[in-house]
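Chain by chain, the residues:
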Amino acid sequence: MDATGRIPRSGMRAAALGVAAACALAWTGTTLAQQTKIKIGLMLPYTGTYAALGTAITNGFKLAIQENGGKLGGREIEYFTVDDESDPAKAPDNANKLIKRDQVDVLVGTVHSGVALAMSKVARDNNTLLIIPNAGADEITGPLCAANVFRSSFSNSQFGIAMGKVMADQTKKTAVTLTWKYAAGDESVGGFKEAFEAGGGKVVKELSLPFPQVEFQPYLTEIAALKPDVVYAFFAGGGAVKFVKDYAAAGLTKTIPLVGPGFLTDGTLDAQGESAQGLLTTLHYGDGLNLPKNNAFRAAYAKTFSTPPDVYAVQGYDAAQLLIAGVNAVKGDLSKRADVVKAMETAKIESPRGAFALSKSHNPIHDIYLRKVDGKENKVIAVAIKNLNDPPRGCKL
Ligand code: PHB
């Protein structure tokens, strides 16, 4: 400025040049960033009782990316994959490796609630974007909710709540519950008990065994002696196959109806065969849902992977759809984290389960279906609860 308070012409020229240079730099920076690959860390089980679930999630995720031209916000993708073995003790190390060594931009995982609880802590500590494509630990979208943590699946209590209501409506009076003893099973059974007892029923015994044990015989003997009106059980993957077969082999299916969250019969019907016929379950998905999006998804998945999809494939697909919504909104510039989060929070996801939006705590608000096993299909026979949202449990977002 001169004595009159005006900026001399030469100063204005320099300032203008400075702005132009800064713009050029910023522009070059953006293009460079967009030329690098987006690194996605897939931390899922590829061995053990949940191995098939990890594979289906991976397939579903990659299918959605493939349908998006193989890119995210115009950028190429590089995958980093870790087998988490559904082992919570190894989870902090596995998540840290992906974040610190591989420097992933986004973490996707996992199936097991105990592993996901550990992963979400690491993601919160490092402010890494995390999308959970299965694990339903209620706390993650409850008191532990965070701006950088999203879920494309469900929370564990949702299906228990739905089945508790259905069984109470059927005027069942007594129930026995049976589950692997960890967060997922406890919360699933907790939801069932809450809704069943609110509807006039009584849970007379809560049985459990350590994850991932499959020695069910003593529990089946006890159930036969207790003779409840219904059994509600949480098992999934390889464990669900064996449990449903053992339950039928013990001759219980005809006398004491077995019900549960849909995991009991999802992705498992080939192996369960006759033993699963007629079982009722509750879930946010059903094979035969006659929606254009589901029909297209099922055809594309079967064509690509030579096997029909299941609920886990849907959740993997939707995890990628959620990410696509976030990354497209910033044209691949992940440094605009607040805008990525906002776009994910407000996205309407065209899911094979039916379109859904996220709750304030980043969990899907979706219909819960009542399904019945018919041949190789989990057929939707009713909507058990419409637009189920998580109860508010201390999430401050
Ligand atoms: C979980 O641990 O949260 C879990 C695992 C398998 C399922 C569902 C939930 O099928």
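Residues numbered from 1 in each chain as written. Predicted model: local features only at pLDDT ≥ 70, side-chain atom pairs only at ≥ 80, totals over all residues. Heavy atoms only, no water.

Draft legend 1. Representation of the pattern of salt bridges in the model. Summed over the entire model, instances satisfying the criterion amount to 20 salt bridges. Here R353 ties to D318 by a salt bridge, and the two come within 2.9 Å at their closest N and O atoms. Here R353, found in the loop between helix 12 (337-346) and strand 11 (357-358), pairs with D318, found in helix 11 (residues 311-329); they are 35 residues apart in sequence, far enough to count as distant. The partner of D374 in a salt bridge is K379, and the shortest N-O contact between them spans 3.1 Å. Looking at K379, the relative accessible area reads 35%, which means it is partly exposed. (Salt bridge = Lys/Arg side-chain N within 4 Å of Asp/Glu carboxyl O. Helix = DSSP H or I, 4+ residues; strand = E, 2+ residues; numbered from the N terminus. Buried < 20%, exposed > 50% of the residue type's maximum accessible area, 1.4 Å probe, protein only.)

Draft legend 2. The arrangement of the sheet that holds strand 1 (residues 38-44) in detail. Taken in spatial order, the five strands line up as 2-1-3-4-5 in an open sheet, and their pairing is parallel. Each edge of the open sheet carries a strand with a single partner, namely strand 2 (77-83) and strand 5 (149-151). Ignoring strand direction, the axes of neighbouring strands in this sheet form an average angle of 20 degrees. Examined bridge by bridge, strand 1 and strand 3 (residues 106-108) share three bridges and lie parallel to one another. Following the sheet pairing, G41 is matched in strand 3 by L107. Those strands touched by helix 2 (residues 51-67) are strand 1, strand 2 and strand 3, and its axis lies near 160 degrees from that of strand 1. Docked against the sheet, helix 3 (residues 91-101) engages strand 1, strand 2 and strand 3, running at close to 165 degrees with respect to strand 1. (Pairing = 2+ DSSP bridges. Axes fitted to C-alpha atoms, helices over the stretch in contact; angles between N-to-C directions. Contact = heavy atoms within 4.5 Å.)

Draft legend 3. Structural view of the nonpolar core. If you look at the biggest cluster of nonpolar residues, it comprises 98 residues, and the most contacted ones within it are F235 and F243. Leaving out residues up to four positions away in the same chain, F243 has contacts with L178, F216, L220, A233, F235, L258 and L264. Counting 22 residues, the second largest nonpolar core, distinct from the first, contains L130, A135, A137 and V149. (Core = buried A, V, L, I, M, F, W, Y, C linked by side-chain atoms within 4.5 Å.)

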